[in-house]
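Geometric and topological summary
The residues making up each chain are set out below.
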2 protein chains.
Amino acid sequence: MPKKSSTENGKRPTIRDVAALAGVSVPTVSRVLAGNYPVAPATRAKVLRAMRELDYVVNAHARALAGATTKTVAFVVDDVTGPFYAFIARGVEQEASSQGRLCLLCTTHGDPERELAVVELMREQHAEAVIVVGGAWDDPKYAERMRYFATVLDKSGSRLVLCGRPSLGEDVPATVVHYDNEGGSYAMTAYLLSAGHRKICYMGFGVGLSTTDERMAGFRRAHADYDVEVDESLLIHGHFSKASGREMTRHLLAERSDVTAIFAATDMVAAGTLKALREAGVRVPEDMSVVGFDDIPLASDLTPALTTVHVPHEQLGKEAVRLGLGRSETGDDQVVLGTHIVVRDSVAPPKHLSH
Amino acid sequence: MPKKSSTENGKRPTIRDVAALAGVSVPTVSRVLAGNYPVAPATRAKVLRAMRELDYVVNAHARALAGATTKTVAFVVDDVTGPFYAFIARGVEQEASSQGRLCLLCTTHGDPERELAVVELMREQHAEAVIVVGGAWDDPKYAERMRYFATVLDKSGSRLVLCGRPSLGEDVPATVVHYDNEGGSYAMTAYLLSAGHRKICYMGFGVGLSTTDERMAGFRRAHADYDVEVDESLLIHGHFSKASGREMTRHLLAERSDVTAIFAATDMVAAGTLKALREAGVRVPEDMSVVGFDDIPLASDLTPALTTVHVPHEQLGKEAVRLGLGRSETGDDQVVLGTHIVVRDSVAPPKHLSH
DNA sequence: ATGAAAGCGCTAACAC
DNA sequence: GTGTTAGCGCTTTCAT
């Protein structure tokens with residue numbers, strides 16, 4: 001028959017086994033484990049040897065139950081495969097493990113229900129910090145629930161960290177690590193405007209998404225500063241995906257001929273835009289300028305290389321952990337990281353100006 | 001003074017608080033939580049109401065300690081940002097959460113030491129399954145340690161799952177979920193060979209990596225079947241990265257002029273290759289055919305769209321969880337998922353044959 | 001410096 | 001059906 005477990009006793013050794021083998025008491029073993037209390041070198045050695053011999057490892061659950069801290073941070077994202085999230089994840093994981101923490105990964109697939117459920121789950125786990133990544137919904141009911149979770153997490157000794165989304169209000173016990181959406185969007189729009197573009201399409205308008213709100217604010221402010229009116233019919237709704245970018249671009253091409261620049265909501269959207277443009281024989285940047293947002297690695301691989309807004313994803317993740325774990329040290333509960341545009345090859349002045 | 005009421009002292013409510021408020025015993029509460037035992041509807045209602053009122057959530061650690069299963073699977077990867085890993089991660093996370101499991105994320109950054117340390121950590125956590133993703137090192141010492149971990153994990157009720165790497169041997173208590181590297185490599189090489197290519201460069205040869213070993217086997221077998229000798233000087237060492245691909249390609253171009261096709265070890269490498277080729281003015285596929293391995297999303301975004309070997313990443317992740325959790329149900333401890341080539345636009349017959 | 005005793009919050013036999 | 005009685009493996013007072 002196919003082998004089963006090579007185990008006979010199937011039980012893992014406990015601290016008691018170690019104590020017995022070493023000929024000391026259980027608390028003594030606990031002390032050498034924690035290393036915080038004085039233990040006679042000789043005893044210590046015996047214990048260590050016993051542990052090695054039994055191949056002992058502590059039971060993290062027992063330890064957590066008995067009061068020691070949990071040593072885990074939870075990480076709640078939309079979808080690990082989003083290049084956006086992946087880099088934040090890397091930052092989180094790096095900082096967490098450098099602080100000796102484990103990292104719980106949960107995904108929500110853009111479902112607010114699931115997001116809330118997951119936060120609940122984290123409460124069961126006593127995660128030291130619960131980091132929720134990505135844009136939030138504008139829905140007041142949703143905000144209310146999030147506020148509630150901030151409170152209950154706080155009460156049970158956890159910290160809610162909002163990463164890449166706005167604060168829930170002054171009095172809510174949550175940490176926010178955000179980046180400057182509005183500023184990046186403003187800079188990019190101004191860049192386009194100053195190149196001479198007047199009909200700029202914003203592609204990938206997510207209704208009720210904090211990210212969109214913030215970026216639109218920058219978009220509008222830049223237009224205002226340049227005395228250019230925003231053409232509301234050029235604010236195109238759609239998802240943050242390549243497929244959606246391609247789709248939206250096709251429609252745009254079919255319906256409008258006055259647009260000279262496309263501001264894609266994300267680099268992913270821009271990738272789809274570029275593809276649709278190429279398929280339609282529209283040259284970039286000669287016939288159409290295209291810019292994105294995020295500065296994911298893909299951006300520099302596209303043809304032409306994409307001019308976009310850089311977001312410090314990885315650092316965002318690190319800060320989230322740092323602040324989530326280190327609160328109270330400083331009153332520093334709020335951080336906004338800067339963004340800046342990265343100029344590559346996808347923007348040129350509009351045709352009528354280019355000669 | 002009276003203690004107990006957790007609602008007031010800021011501690012999280014326990015099952016005891018719920019029992020008290022509902023006027024029942026602790027085990028009764030436990031029963032409605034578990035839902036596996038008969039409880040009078042009326043009692044049940046009272047308990048539920050009390051839980052809601054106190055905003056109670058179980059303590060996962062206490063539950064784990066008391067014997068109930070841990071409900072977590074661990075996921076050990078090289079680097080979350082690798083597009084390769086991200087999709088496996090998605091599969092793992094999906095299947096895990098659909099089975100009500102939490103997902104622990106650990107990264108190793110290609111460091112065998114850290115990989116082993118992480119497996120140790122997982123032992124403390126009592127993860128039900130520990131999924132180690134990606135190629136392994138050929139080093140016998142490394143294999144020995146992995147075997148050891150398979151054994152200790154097994155002894156403590158966990159299961160080691162090797163995902164995307166070969167088995168450690170028949171008698172090792174580990175599950176393996178692999179994909180057909182050799183077959184995919186064979187198919188691709190044969191495809192190139194049958195298109196007329198005779199001087200094929202294998203780019204990104206990783207010394208001592210199981211992945212490379214397997215792919216080389218397919219590469220060689222195809223050559224043998226076509227009676228073409230493998231030019232050993234065309235097996236170029238390098239990392240699985242875009243930068244490395246670019247670098248290797250530059251060198252190749254500088255030193256050889258007889259190569260008509262490049263088999264990049266991964267799509268990432270291929271992306272670098274393509275870039276270097278474009279920079280050198282070499283047209284793809286007219287002057288040089290290029291193929292990759294993995295079929296990550298990037299592959300179809302490249303110009304030209306990359307012909308590559310498809311690896312079912314996401315399903316790999318799902319199977320890993322399924323098998324890791326479901327062992328003993330079937331003796332099914334070993335699975336190899338198929339691979340197949342995806343033909344896009346980066347291959348053409350070599351020039352001297354193309355007219 | 002070390003041991004004894006008392007839980008942490010929960011589940012799991014057993015009774016009733 | 002429901003309550004009683006025991007722990008799960010560990011950390012912490014508190015003695016000594």
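The paragraphs below set out a description of the structure included in this document. Since we're looking at a predicted model, the values are computed, not measured. (Residues numbered from 1 in each chain as written. Chains lettered and ligands numbered in written order. Predicted model: local features only at pLDDT ≥ 70, side-chain atom pairs only at ≥ 80, totals over all residues. Heavy atoms only, no water.)

Digging into the overall build of chain A
Which entries qualify depends on this criterion: Note on conventions: DSSP H or I runs of at least 4 residues are helices, E runs of at least 2 residues are strands, and numbering of each starts at the N terminus. Only C-alpha atoms enter the radius of gyration; for comparison, a globular chain is expected to reach 2.2 Å times N to the power 0.38, where N is the number of residues. Only protein chains enter the accessibility calculation, which uses a 1.4 Å probe; a residue whose area is less than 20% of its type maximum is buried, one above 50% is exposed, and one in between is partly exposed. For the accessible areas, the method is Shrake-Rupley and the probe is 1.4 Å, while residue cover comes only from the protein chains on display. We treat Lys and Arg as the positive residues and Asp and Glu as the negative residues; His and chain ends play no part in the count. For this purpose, a charge sits on NZ of Lys, CZ of Arg, CG of Asp or CD of Glu.
For chain A, the count of helices and strands is 13 helices and twelve strands. Scaling as 2.2 N^0.38, a compact globule of 355 residues should have a C-alpha radius of gyration of about 20 Å, whereas chain A reaches 26 Å, well beyond that. Structurally, chain A occupies a C-alpha span of about 90 × 55 × 35 Å along its principal axes. Taken across its 355 residues, chain A has 53% of its residues classed as buried. Surface accessibility of chain A: about 15200 Å² in total, with carbon and sulfur atoms responsible for 52%. For chain A, the distance from the average site of its 39 positive side-chain charges to the average site of its 45 negative ones is 9 Å.

Focus: the side chain of H178 of chain A
Residue and element names in this part refer to chain A. Basically, it comes down to this: Polar contact is defined as a pair of N or O atoms within 3.5 Å, subject to the rule that within protein one atom must be able to donate a hydrogen and the other to accept it, and that residues adjacent in sequence are counted only when both atoms are side-chain atoms. Note on definitions: a residue-residue contact is assigned when non-hydrogen atoms from the two residues lie within 4.5 Å.
Along the chain, the position of H178 falls in strand β5 (residues 174-179). Within the structure, H178 has its side chain in polar contact with the side chain of E214 (distance 3.0 Å). If we ignore the near neighbours within four places in the chain, the residues touching H178 are G164, R165, P166, E214, L316, V335, V336 and L337.

Quick word on the sheet that holds strand β9 (residues 289-291) of chain A
Residue and element names in this part refer to chain A. Applicable threshold: Pairing between strands is defined by DSSP: at least two bridges between them are needed. Orientation is described by axes fitted as lines to C-alpha atoms, over the contacting stretch for helices, and by angles from 0 to 180 degrees between their N-to-C directions.
On the basis of which strands lie adjacent, the open sheet formed by four strands has the order β7-β6-β8-β9 and parallel pairing. Both edges of this open sheet fall to β7 (235-237) and β9, since each of them pairs with a single strand only. The sheet shows a mean angle of 20° between the axes of neighbouring strands, direction not considered. One ladder, built from four bridges, connects strand β6 (residues 200-205) with strand β8 (residues 261-264); its direction is parallel. The partner of I200 across the bridge, within β8, is A261. The strands touched by helix α8 (residues 181-194) within the sheet are β6, β8 and β9, with β8 carrying the most contacts at an inclination of about 170°.

Some words on the interface of chain B and chain A
Inclusion rule: Note on terms: buried area is the combined drop in 1.4 Å-probe accessible area of two parts once they are placed together, counting the loss on both. Take a side-chain nitrogen of Lys or Arg and a carboxyl oxygen of Asp or Glu: if they are within 4 Å of each other, that pair is a salt bridge. All amino acids are sorted into three groups, where Ala, Val, Leu, Ile, Met, Phe, Trp, Tyr, Cys and Pro are nonpolar, Asp, Glu, Lys and Arg are charged, and the leftover types, Gly among them, are polar.
With 54 residues of chain B in contact, the opposing surface of chain A contributes 55 residues. Summed over both partners, the interface of chain B with chain A buries about 5000 Å², with 54% contributed by carbon and sulfur atoms. The three residues of chain B that bury the most area against chain A are R12, H61 and L102 of chain B, which together make up 13% of that side's buried surface. Where chain B packs against chain A, one counts six salt bridges. Close ionic contact of K242 of chain B with D301 of chain A constitutes a salt bridge, the shortest N to O distance being 2.6 Å. At the junction of chain B with chain A, the criterion picks out 25 residue pairs in polar contact (both at pLDDT 80 or more). Residue assignment for the side of chain B that touches chain A shows that the elements contributing at least two residues are α5 (60-65), α6 (83-98), β2 (102-107), α7 (112-125), α8 (140-155), α12 (267-279) and α13 (298-301) of chain B. Grouping the amino acids of the side of chain B that touches chain A by side-chain chemistry returns 21 nonpolar, 16 polar and 17 charged. Examined bridge by bridge, strand β2 (residues 102-107) of chain A and β2 of chain B share three bridges and lie antiparallel to one another. Across the sheet, residue L104 of chain A finds its bridge partner in β2 of chain B, namely L104 of chain B.

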